[in-house]
Amino acid sequence: MPALTMTEKILARHAGKDSVVPGDNIWVDADILMTHDVCGPGTIGVFKNHFGKDAKVWDREKVVIIPDHYIFTEDKMANRNVDTLRHFVAEQNLPYYYDVGSDKYKGVCHIALPEEGHTRPGEVLFGTDSHTCTAGAFGEFATGIGNTDAGFVLGTGKLWVKVPPTMRFVFHGELPPYLMAKDLILAVIGDIGCDGATYKAMEFDGDGVFALNIEERMTLCNMVIEAGGKNGVIAPDKVTLDYVNTRNKFKKPYQVVNTDAGAKFCFEKVYDVRKMEPVIAKPHSPDNKATVTEVKGTKLDRAYIGSCTGGKMTDFRAAAGILKGRNVKIDTFIVPATTEIARGLKTEHINGQTLEQIFLNAGAKIGDASCAACLGGPSDTFGRLNTPISCISTTNRNFPGRMGHKEAKVFLASPLTVAASALSGTISDPRDCLQ
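These numbers were taken from a predicted model, which means no experiment stands behind them. (Residues numbered from 1 in each chain as written. Predicted model: local features only at pLDDT ≥ 70, side-chain atom pairs only at ≥ 80, totals over all residues. Heavy atoms only, no water.)

(A) Quick peek at the overall build of the protein. Counting its regular elements, the protein contains 16 helices and 20 strands. The C-alpha atoms of the protein give a radius of gyration of 21 Å, which matches the 22 Å a tight globule of 435 residues would have. If you take every contact in the protein between residues at least 6 apart in sequence, the share linking residues at least 24 apart comes to 75%. Entry remark: accessible area of the protein is about 16100 Å², with carbon and sulfur atoms responsible for 50%. Averaging the coordinates of the 49 positive side-chain charges in the protein and doing the same for the 51 negative ones gives two points 1 Å apart. (Helix = DSSP H or I, 4+ residues; strand = E, 2+ residues; numbered from the N terminus. Rg over C-alpha atoms; globule rule 2.2 N^0.38 Å. Contact = heavy atoms within 4.5 Å. Areas by Shrake-Rupley, 256 points an atom, 1.4 Å probe, with all protein chains shown as cover. Lys, Arg positive; Asp, Glu negative; His and termini not counted. Charge placed at Lys NZ, Arg CZ, Asp CG, Glu CD.)

Below, the structure is given as structure tokens:
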């Protein structure tokens, strides 16, 4: 039996095979299909066109629908998308629908999925969003698919998948207090380029990775798509299992999968995190890498802390540590990824002040849990760039128009670097604020 990588092993098991090799085309069984308000209506249309208007989904317990992108808006077309989801959920009697405006509403799908117990080691998760790869942090195969593929999965529970080769990125050393997972993944993307991992699995390893909490591991896997990756994955350990077992409200069994000794990787790169410094992605591409030293002093108009990449509790703790007792000099937006995180901002304290109080006292604005400005969205979206200004952001893409205005400049950085920059109105080094 040949040695397999995690990705190969998971796909083989879900295809009913003993082994696979990169390049194999196989039918894979899905454990979860997720869709949201952007792609959900199209996915539903494909499903009905090909399986019939009265067809039922293959397994109602395995479909998760989470509106999150274009929600807190007066835009009629965006509202129509959510209405389409509501009609389909009622028609199919789907139990896992986290409707905006309801008590079940959660926020950004990629963070809501693990919070609600829909991510488990060894499983296959398909989602109609490219950042579905976030869930690879839980030791599963998670990847984004298009509406046509998702419509097929809705009807059959299967998908035709080509097995990707695996790249391995090893981080060694104790992470300095001025670095976060965002710096690590921006360094990788800058080194290999936005097409460097095209249709490849990106496996993360090393003591530097396993010292990260689960939210930081999610940040690593979240942005593999910015390097063209098919999926990102990290082997499950006690940190993973403690989180999953706490959230596994459905008591579903799962099988932990690890890379075999001697498994073959198509590429390997090793980093020493102790020798790294904060990283920035300059406009207009996530691989336009610079160290913070190289761009320090660049004038900014806005700072944004939020999204599936940068709107988790770990991100806000880091930012609050910088902003406590200080005042921002530019418009600064805080957007929690989920309602659970939003509650955490109100309850978690640093030296007697809640995180929410710290942000508000610093002069920041706090929005509702959602994707908000990350994808731009309707003109009334919270935090959207409606003028060609310069913004430093914890989001994952800085392509032209990504947060709204097509001529705006977006710099990607960690929450630490964004918070430090908000205090000065220029790109700043978080090391100067942590001294």
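Having seen it, we continue.
(B) Focus on the sheet that holds strand β6 (residues 141-144). Pairing within the open sheet is parallel, and its five strands lie in the order β4-β3-β2-β5-β6. Single-partner strands in this sheet number two, and they are β4 (96-97) and β6. Alignment of strand β3 (residues 63-65) against β4, held across two bridges, turns out to be parallel. By the bridge assignment, Ile65 is partnered in β4 with Tyr97. (Pairing = 2+ DSSP bridges.)

(C) The pattern of salt bridges, seen in detail. Within this structure, the stated rule accounts for 28 salt bridges. When the shortest N-O distance is used, the salt bridge between Lys158 and Asp29 registers 2.6 Å. In this pair, Lys158 sits in strand β7 (residues 158-162) while Asp29 sits in strand β1 (residues 25-29), placing the two residues 129 residues apart along the sequence. The partner of Lys238 in a salt bridge is Asp242, and the shortest N-O contact between them spans 2.6 Å. (Salt bridge = Lys/Arg side-chain N within 4 Å of Asp/Glu carboxyl O.)

(D) The packing of aromatic side chains, seen in detail. Scanning all chains against the criterion turns up 13 aromatic pairs. With 6.4 Å between their ring centres and 50° between their planes, Phe51 and Phe152 make a pair best called tilted. In this pair, Phe51 sits in helix α2 (residues 40-51) while Phe152 sits in helix α5 (residues 147-156), placing the two residues 101 residues apart along the sequence. Consider the rings of Phe169 and Phe267, whose centres lie 5.8 Å apart with planes at 45°: the pair is tilted. Of this pair, Phe169 sits in strand β8 (residues 166-172) while Phe267 sits in strand β11 (residues 267-272), and the two are 98 residues apart along the sequence. For Phe169, a relative accessible area of 0% translates into the label buried. Ring pairs connect the aromatic residues Trp27, Phe47, Phe51, Phe88, Phe152 and Trp160, which therefore count as one cluster. Taking the ring centre of Phe250 as reference, the NZ or CZ of Lys252 above it sits at 5.8 Å. (Phe/Tyr/Trp six-rings, centres within 6.5 Å; stacked < 30°, edge-to-face > 60°. Buried < 20%, exposed > 50% of the residue type's maximum accessible area, 1.4 Å probe, protein only. Lys NZ or Arg CZ within 6 Å of the ring centre and 35° of its normal.)

(E) Broad picture of the side chain of Thr339. With respect to the helices and strands, Thr339 occurs in helix α13 (residues 339-347). From its side chain, Thr339 meets the backbone oxygen of Tyr105 in a polar contact 3.1 Å long. Beyond its immediate sequence surroundings of up to four residues, Thr339 is in contact with Tyr105, Lys106 and Ala369. (Polar contact = N/O pair within 3.5 Å; in protein donor to acceptor, adjacent residues only side chain to side chain.)

(F) Summary view of a nonpolar patch on the surface. Together, Trp27, Phe51, Phe152 and Trp160 make up a nonpolar patch on the protein surface, roughly 420 Å² of accessible area in all. The residue Trp160 is located in strand β7 in this model. For Trp160, a relative accessible area of 49% corresponds to the partly exposed category. (Patch = residues over 30% accessible without salt bridge, like charges linked within 9 Å, V, L, I, M, F, W, Y side chains within 5 Å.)

(G) Main features of the environment of Ala235. Its place among the elements puts Ala235 in the loop between β10 (231-234) and α9 (238-247). Put simply, Ala235 and Phe210 are 25 residues apart on the chain and 8.9 Å apart in space, counted from C-alpha to C-alpha. Contact partners of Ala235, with chain neighbours within four places excluded, come to Met6, Phe210, Arg217, Thr240 and Asn258.

(H) Spatial organisation of the state of the cysteines. Applying the stated rule across the entire model yields zero disulfides. No disulfide involves Cys308; its sulfur sits 6.0 Å from the nearest other cysteine sulfur, which is in Cys374. (Disulfide = S-S within 2.5 Å.)

(I) Seen up close, the nonpolar core. Formed by 101 residues in total, the largest nonpolar core has its most connected members in Phe169, Phe171, Met202, Phe204, Leu220, Phe359 and Ile392. The residues contacting Phe171, other than those within four sequence positions of it, are Leu184, Val188, Phe204, Asp205, Gly206, Asp207, Gly208, Val209, Tyr271, Val273 and Met276. Within the second largest apolar cluster, 34 residues are counted, among which are Leu33, Val57, Ile145 and Val161. (Core = buried A, V, L, I, M, F, W, Y, C linked by side-chain atoms within 4.5 Å.)

(J) Structural detail: the sheet that holds β10. With respect to topology, four strands assemble into an open sheet ordered β10-β9-β8-β11, the strand pairing being parallel. Every other strand in the sheet has two partners, leaving β10 and β11 as the edge strands with one partner each. The average undirected angle you get between the axes of adjacent strands in this sheet is 20°. Of the pairings in the sheet, the one linking β8 to strand β9 (residues 201-205) comprises five bridges and is parallel in character. Directly across from Arg168, in β9, lies its bridge partner Glu203. Strands β8, β9 and β10 of the sheet are contacted by helix α1 (residues 6-14), whose axis makes an angle of about 105° with β10. Lying on the sheet, helix α8 (residues 214-222) is in contact with β9 and β10; it crosses β10 at an angle near 150°. (Axes fitted to C-alpha atoms, helices over the stretch in contact; angles between N-to-C directions.)

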